[in-house]
Amino acid sequence: MTAYDGGREGVRLVSRLAGVAISVPVVAGFVLLAAAVLVGRSLLGVGRKVLEARPGAQEPRKAA
């Protein structure tokens with residue numbers, strides 16, 4: 001093993017660490033986006049049920 005081989009291994013290690021460091025926030029971002037979508041859908045569903053349960057409930061007015 002020469003000094004050049006040792007340097008090459010160091011470069012590979014840094015490359016792997018950089019790949020992991022980039023992929024973790026990307027995956028976390030997708031997880032947070034999915035969670036936001038699920039929470040939004042749940043809130044919309046709850047809002048619809050509340051409007052339906054009210055006596056004399058009306059459909060929301062649509063913008064012209």
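Residues numbered from 1 in each chain as written. Predicted model: local features only at pLDDT ≥ 70, side-chain atom pairs only at ≥ 80, totals over all residues. Heavy atoms only, no water.

Peer 1: How should I be thinking about the overall build of the chain in this particular structure?
Peer 2: When its secondary structure is counted, the chain shows one helix and zero strands. Within the span of the chain, comprising 64 residues, buried residues form 0% of the whole. Counting every atom, the chain has about 6100 Å² of accessible surface; 69% of that belongs to carbon and sulfur. (Helix = DSSP H or I, 4+ residues; strand = E, 2+ residues; numbered from the N terminus. Buried < 20%, exposed > 50% of the residue type's maximum accessible area, 1.4 Å probe, protein only. Areas by Shrake-Rupley, 256 points an atom, 1.4 Å probe, with all protein chains shown as cover.)

Peer 1: Can you walk me through a nonpolar patch on the surface in this structure?
Peer 2: Residues I22, V26, F30, L33 and V37 make up a contiguous nonpolar surface patch of about 500 Å² in total accessible area. Along the polypeptide, I22 turns up in helix α1 (residues 3-53). (Patch = residues over 30% accessible without salt bridge, like charges linked within 9 Å, V, L, I, M, F, W, Y side chains within 5 Å. Salt bridge = Lys/Arg side-chain N within 4 Å of Asp/Glu carboxyl O.)

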